[in-house]
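Reading the structure
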Amino acid sequence: RSDLRSDSAFVFVGRDGIGGLGPILRPLKARDAAMRANEIQRLAVARTPFGIPVLFHCEALHGLMANGATSFPQAIGLAATWNPDLMARVASVIGRETRSRGIRQVLDPVINIARDVRWGRVEETYGEDPFLTSVMGVAYCRSIEAEGVATTPKHFVANIGDGGRDSYPAEMGERELREVYFPPFEACFKEGNAQSVMSSYNSWNGLPCTADPRLLTTVLRKEWGFKGFVVSDYVSVLEIMNKHHVTANKKETAKRTLEAGLDVELPEVNIYGSPLEEGIREGLISMDALDQAVRNVLRVKFNLGLFENPYVDPDQAAKINDAPPHRDLAREAARQAAVLLKNDARTLPLGKTIQ
């Protein structure tokens, strides 16, 4: 849960165990965040029935969204560099700073294709071109995954702001989806080694993407061979019932999403708690689907090495976050991201002397 303060997190983890925690470490400086993460991990390992470590997640679109982390140019600026090697270097730094604090999953990159500048999330994307988005997304995912942090390409799929409005229904044919909106996701999984993915708020051709088995199982797992886990966008599971109005109650919502292939509900437990448990007991929801969802999450935790060593070094976290070389890289990225929109004053070509 993302809304837990530290004391309540201790009580919650100590009593029941919990699979993951949201950005509760975000307000803390690097050393304090690492110490807090270690404390919570010790609780999870020592006081829960199976000793399963917690998977912390946070946002890291252009640098970890945390107190004292290095901030790089926004994604649309990084795309404007046309430099995947630079993107890889930036992502490596993001991955190192993220892991140093005990955070092992980032809810990025945003690889939706931005084709309407009125959409309020254009700056989070790599722009309008599927090829450039794929290349930059792969560089981001591959580099962060190499640092031991799971990446989460989002939002699957076509959360593109139809008409300039965020998360509006997407009405498009299969060919457009496969030629424009699918390629960056497929590339991030097959070439970037991304181990998680986030479903989107919107519907595609009338069915909410968070409860669409064709997207989350047929395409993602059967066609592309994805072995990671699927998380929901924040509160999107509840919104299947409250906004899309395609389910009548929470138990039906739990059935539709779990059996479609959604493994984790974020940020808090509205549907995947008591409604899911009751639906399983009553035989309304497939136990096999629940087992598979648990298996998908545990596989990634094993891949990340959380079971072998869930702890981090607070001194190392304090040393590398916002370190001078990282600031230098951010400055280099900012220079390369600069774009000349008009040359009215004949700024280019640059002369030999600059006054």
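Our structure is the block above this text.
Bear in mind that the values here come from a model prediction, so they are computed numbers and not experimental data.

Each helix and strand counted, the protein chain has 14 helices and seven strands in total. In terms of overall dimensions, the protein chain is globule-like: its C-alpha atoms have a radius of gyration of 21 Å, near the 20 Å expected for 355 residues. Reported as C-alpha extents along the three principal axes, the dimensions of the protein chain are approximately 80 × 50 × 30 Å. Per-residue burial over the protein chain gives 54% buried out of 355 residues. Pairs at least 24 apart in sequence give 74% of the contacts found in the protein chain among residues at least 6 apart. For the protein chain, the accessible area works out to roughly 16200 Å², and carbon and sulfur atoms hold 52% of it.

Right, let's get into the layout of surface pockets. Left-over empty space is what a probe sized like a water molecule reveals as it rolls over the atoms. Reported here for the second largest pocket is a volume of approximately 260 Å³. The class makeup of the residues in the lining of the second largest pocket is nine nonpolar, six polar and six charged.

What follows deals with the pairing of strand 2 (residues 55–58). Residue alternation in strand 2 divides its side chains into two sets, Leu55 and His57 and Phe56 and Cys58, and both sets are buried. For the crossover from strand 1 (residues 20–21) across helix 2 (residues 30–47) to strand 2, the handedness is right-handed.

So, on to helix 11 (residues 274–281). The α-helix winds at 3.6 residues per turn, so residues separated by three or four positions along the chain end up facing the same way. For helix 11, the full list of buried residues reads Pro275, Leu276, Gly279 and Ile280. For helix 11, the angular spread of the buried residues around the axis is 135°, confining them to a single face. Note on helix 11: the residue one or two positions beyond its end, Gly283, has a positive phi of about 80°.

The biggest cluster of nonpolar side chains holds 79 residues, and the ones touching the most others in it are Phe56, Val90, Tyr140, Phe156, Val157 and Tyr181. Residues contacting Val90, with those up to four places away along its chain left out, are Phe72, Leu78, Leu329 and Ala333. By size, the runner-up hydrophobic cluster in this structure holds eleven residues, among which are Leu107, Ala150, Leu266 and Val300.

The rules behind each value
- Residues numbered from 1 in each chain as written.
- Predicted model: local features only at pLDDT ≥ 70, side-chain atom pairs only at ≥ 80, totals over all residues.
- Heavy atoms only, no water.
- Helix = DSSP H or I, 4+ residues; strand = E, 2+ residues; numbered from the N terminus.
- Rg over C-alpha atoms; globule rule 2.2 N^0.38 Å.
- Buried < 20%, exposed > 50% of the residue type's maximum accessible area, 1.4 Å probe, protein only.
- Contact = heavy atoms within 4.5 Å.
- Areas by Shrake-Rupley, 256 points an atom, 1.4 Å probe, with all protein chains shown as cover.
- 1 Å grid on protein atoms, 1.4 Å probe; cavity = no way out; pocket = protein on both sides within 12 Å on 5 of 7 lines; lining within 4 Å.
- Points joined across faces, edges and corners; volume = space filled by probe spheres on them.
- Nonpolar A, V, L, I, M, F, W, Y, C, P; charged D, E, K, R; others polar.
- Right-handed = clockwise from strand over helix to strand, strands pointing away.
- Arc of directions from axis to C-beta.
- Core = buried A, V, L, I, M, F, W, Y, C linked by side-chain atoms within 4.5 Å.

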